[in-house]
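In case you want the letters, here they are:
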Amino acid sequence: APLKRQLTETMRKHLSPTIFQLLAMIGEEAGQLSMRAYLIGGMVRDLLLEKENEDMDIVVEGDGISLALRLQEKYGGKVRRHDEFRTATWTHPSEFKIDLTSARTEYYDFPAALPKVELSTIKEDLFRRDFTLNAMGISLHIDEFGELLDYFHGFEDLRKGKLRILYNLSFVEDPTRILRAIRFESRLNFEMDSQTERLAIQSANNLLSVSKPRLASELVKLFYEENPCIGLKKLQKLSLTPFIIDTPAEELLAEKRFDLLYQWQQDLNKDDITTHRSIWLCYMFLLTTGRVKDLSSLDAYTLTKQDKEVLSDLSSLLFSEASLNLSNSLSQTDMHIKFASYQIEPLLGFFTLIKVGNKNSLFQYLLKRSKLKRKLDGKDLKELGLSPSPIFRKILFYTETCQLESPSLTKTELIEKVKMKFSLN
Ligand code: ATP
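Predicted, not measured: the structure shown is a model, and the values here were computed from it.

K.L.:
Residue-level account of the overall build of the protein, with values.
P.N.:
In terms of regular secondary structure, the protein is built from 22 helices and 11 strands. Counting only C-alpha atoms, the protein reaches 85 × 50 × 35 Å along its principal axes. Classification of the 425 residues of the protein by burial places 36% in the buried group. Considering only residue pairs separated by 6 or more positions, the protein has 63% of its internal contacts joining residues 24 or more positions apart.

Set out below in structure tokens:
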């Protein structure tokens, strides 16, 4: 018989008292409705890895919606129900959200199709998951509270740092799991076991039949949430880039670009400047040969308006590359005139890609620009007796360039410069 693991103490130690209590409550209420509730997925994995994770996924053998309604009746909060999957989200009065799902099993009409679903047992529910370490549950039922459900040896894989799929056709049925495997390898510093890795390589061409937005929702996590350089190395090790990018760059080149962009992100971070999520598309672009036409093939990967803006900025930067005269040595003012209207993310992507020798001075400009705190604003201009007009923008832009050139200028000195430049008095 498999070893029974009792995790109540681990849960008490690593979960907040509120969450621990909520879990106990959910188990108890489910029991009263003659259902069994289980905590499953990422939170179980991260509990065993002692990593924080408050995404509470509950699966019930029974009806998730009735359980949610009962919890709401007793403890308040709100319920959002999704009737087709018998699933509900219960928002606890403290605003904490809990997903309550009815145990179900999935089957696929054809590989890479979206799954069809029917209700079933917890074991079958866990079997439809991606990797053994994500396929564990913890019982919340009062008689067996805290018992680990580990039908597929996830605990052992987790201890050995292995990612293992649950059945051989797993990657064929859902090729996005290949990207998930890479992501977990990168995030947890784990490795696929040899069979899983072999099947990932064999199934890689199935990635071609997955819609771009589905690929994008995995890739964004690989290139935004994790260290993208590790993600890239893993993609390359399995020769996966040709399946996510039409015109891949040479591997070493892509690696050098990734290293540079990531280095710059880290340097910005030291000054508390964070780049937004859409930087992931810059990484995608760095995977390609880096031409304008590669940009248009990335259109299908955009998930948000911000994503689209990054692509369109990159494209106008690339179009104007020749006229920007980047090989000359440029003053802070020159650079500000050329680049002030662009966001930091596309600029970082663009500077990574271009072939000029003085990339670092471009980056230093970006760094200064991001740290710049305007010493003069519209109010100050009004106090100088100016009435608001388009010249305000010109003046304020001029003060920015002055501050970039000489960061130590005082407000008084700036005002003097403005008066001179714009012949005010
Ligand atoms: P994260 O911390 O990034 O949210 P997670 O493990 O919670 O990691 P999610 O993408 O939120 O990941 O998925 C929640 C759970 O659903 C996972 O633990 C996994 O078991 C399951 N899952 C998600 N996507 C798939 C998939 N494509 N195939 C099978 N199971 C999946």
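K.L.:
Break down the packing of helix α13 (residues 251–270) against helix α18 (residues 344–353) for me, with residues and values.
P.N.:
The interhelical angle for the contact between α13 and α18, taken along N-to-C directions, is 140°, at an axis separation of 9 Å. Put simply, α13 runs oblique to α18. Like other packed secondary-structure pairs, α13 and α18 cross with a definite hand, here right-handed. Contacts between α13 and α18 involve Arg257, Leu260, Leu261 and Trp264 on the former and, on the latter, Leu348, Gly349, Thr352 and Leu353. Taken together, the residues that form the contact of α13 with α18 break down as 5 nonpolar, 2 polar and 1 charged.

K.L.:
Describe the confidence of the model for the protein, and please don't skip the residues or the numbers.
P.N.:
Regions with low pLDDT should not have their predicted coordinates read in detail. Per-residue confidence for the protein gives a mean pLDDT of 94, with 98% of residues at or over 70. Overall fold confidence (pTM) sits at 0.90, and the ipTM for the predicted complex is 0.96.

K.L.:
Break down unusual backbone geometry for me, with residues and values.
P.N.:
Glycine aside, residues mostly have negative phi angles, and peptide bonds mostly take the trans form. The phi angle at Glu50 is positive, at roughly 55°, despite the residue not being glycine. Residues other than glycine seldom take positive phi values, yet Asn325 does so here, at roughly 50°. Mapped onto the secondary structure, Asn325 falls in the loop between α16 (305–319) and α17 (332–339).

K.L.:
Got a sec to walk through the site of the ligand? Specific residues and values, please.
P.N.:
In the region of the ligand, the neighbouring residues are Gly41, Gly42, Asp55, Arg129, Asp130, Asn134, Asp174, Thr176, Arg177 and Arg180. Sorting elements by how many residues they give to the shell around the ligand places helix α8 (residues 176–188) first, with 3 residues. Partitioning the shell around the ligand into residue classes produces no nonpolar, 4 polar and 6 charged.

K.L.:
Lay out the nonpolar core in plain terms, naming residues and giving numbers.
P.N.:
The biggest cluster of nonpolar side chains holds 92 residues, and the ones touching the most others in it are Leu39, Ile58, Tyr283 and Met284. When residues in this core are grouped by element, the largest group, 8 residues, is from helix α14 (residues 279–286). Looking at this core, you find at least three residues from each of domain 1 (8–160) and domain 2 (211–371). The contact partners of Ile58, leaving out residues within four places of it in the chain, are Ile26, Ala37, Tyr38, Leu39, Ile98, Asp99, Leu100 and Thr101.

K.L.:
Describe the sheet that holds strand β8 (residues 137–139), with residues and values.
P.N.:
Here 7 strands make up an open sheet; going across it, the order is β3-β4-β5-β2-β1-β8-β9 and the pairing mixed. The open sheet has two free edges, formed respectively by β3 (78–82) and β9 (148–149), since each of these has just one partner strand. Bridge analysis of strand β1 (residues 36–40) against β8 gives 3 bridges, and the strand direction is antiparallel. The residue of β8 that forms the bridge with Leu39 is Ile138. Against the sheet, helix α2 (residues 17–32) touches β1 and β2 (56–61), its axis set at about 150° to β1. Helix α4 (residues 64–75) rests against β1, β2, β3, β4 (87–91) and β5 (97–102) of the sheet, and its axis sits at about 20° to β4.

K.L.:
Describe α13, with residues and values.
P.N.:
Across its 20 residues, α13 extends 29 Å between first and last C-alpha, which sits within 8% of the 28 Å expected from 1.5 Å per residue. For α13, every residue scored as buried is listed here: Ala254, Arg257, Phe258, Leu261 and Trp264. Taken end-on, α13 shows its buried residues confined to a sector of 130°, consistent with a single buried face. Exposed positions of α13 whose direction lies more than 90 degrees from the buried face are Leu252, Gln266 and Lys270. Those residues of α13 hidden inside the fold are in contact with α11 (228–237), α14, α18 and α19 (359–371). Taken from the residues just after α13, Asp272 is the one with a positive phi, measuring 60°.

K.L.:
How would you explain the domain arrangement of the protein if you had to name every residue and give the values?
P.N.:
What the domain assignment lists for the protein is domain 1 (8–160), domain 2 (211–371) and domain 3 (378–421). Each partner contributes to the interface: domain 2 provides 7 residues, whereas domain 3 provides 5 residues. Residue assignment for the side of domain 2 that touches domain 3 shows that the elements contributing at least two residues are α17 and α19. If one sorts the elements of the side of domain 2 that touches domain 3 by residue count, α17 sits on top with 3 residues. For the side of domain 2 that touches domain 3, the residue count by class is 1 nonpolar, 4 polar and 2 charged.

Procedures and definitions
- Along each chain, residue indices are assigned from 1 in the same order as the chain's sequence is written.
- In keeping with the model being predicted, local features are shown solely for residues with a pLDDT of at least 70 and side-chain atom pairs are shown and tallied solely at 80 or more, while totals for entire chains, interfaces and linings include all residues.
- By the criteria applied, helices consist of DSSP H or I runs no shorter than four residues and strands consist of E runs no shorter than two, each listed in order from the N terminus.
- Put plainly, a residue is buried at 20 or more neighbouring C-beta atoms within 10 Å of its own, exposed at 12 or fewer, and partly exposed in between, counting only other residues' C-beta atoms, which are placed from the backbone.
- Residues are scored as being in contact if the C-beta atoms we place from backbone atoms lie within 7 Å.
- Axis geometry follows a simple rule: fit a line to the C-alpha atoms, using only the stretch in contact for helices, then measure angles between N-to-C directions, giving values from 0 to 180 degrees.
- An angle below 35 degrees is read as roughly parallel, one above 145 as roughly antiparallel, one from 65 to 115 as roughly perpendicular, and any other as oblique.
- For any pair of crossing helices, the crossing counts as left-handed if the nearer helix is rotated counterclockwise from the farther one by less than a right angle, and right-handed if it is rotated clockwise.
- When residues are sorted by character, Ala, Val, Leu, Ile, Met, Phe, Trp, Tyr, Cys and Pro go into the nonpolar class, Asp, Glu, Lys and Arg into the charged class, and all the rest, Gly among them, into the polar class.
- pLDDT is a residue-level measure of predictor confidence that goes from 0 to 100.
- Here is the check we use: build the C-beta atom from the backbone, and if it is within 6 Å of the molecule or strand, call the residue near.
- Here, a nonpolar core means buried Ala, Val, Leu, Ile, Met, Phe, Trp, Tyr and Cys residues linked by C-beta atoms lying within 7 Å of one another.
- Throughout, the edges of the domains are those of an automatic or database domain assignment.
- For two strands to pair, DSSP has to find at least two bridges joining them.
- Multiplying one less than the number of residues by 1.5 Å gives the expected span of a helix.
- What the arc measures is the spread of directions leading from the helix axis to the C-beta atoms.

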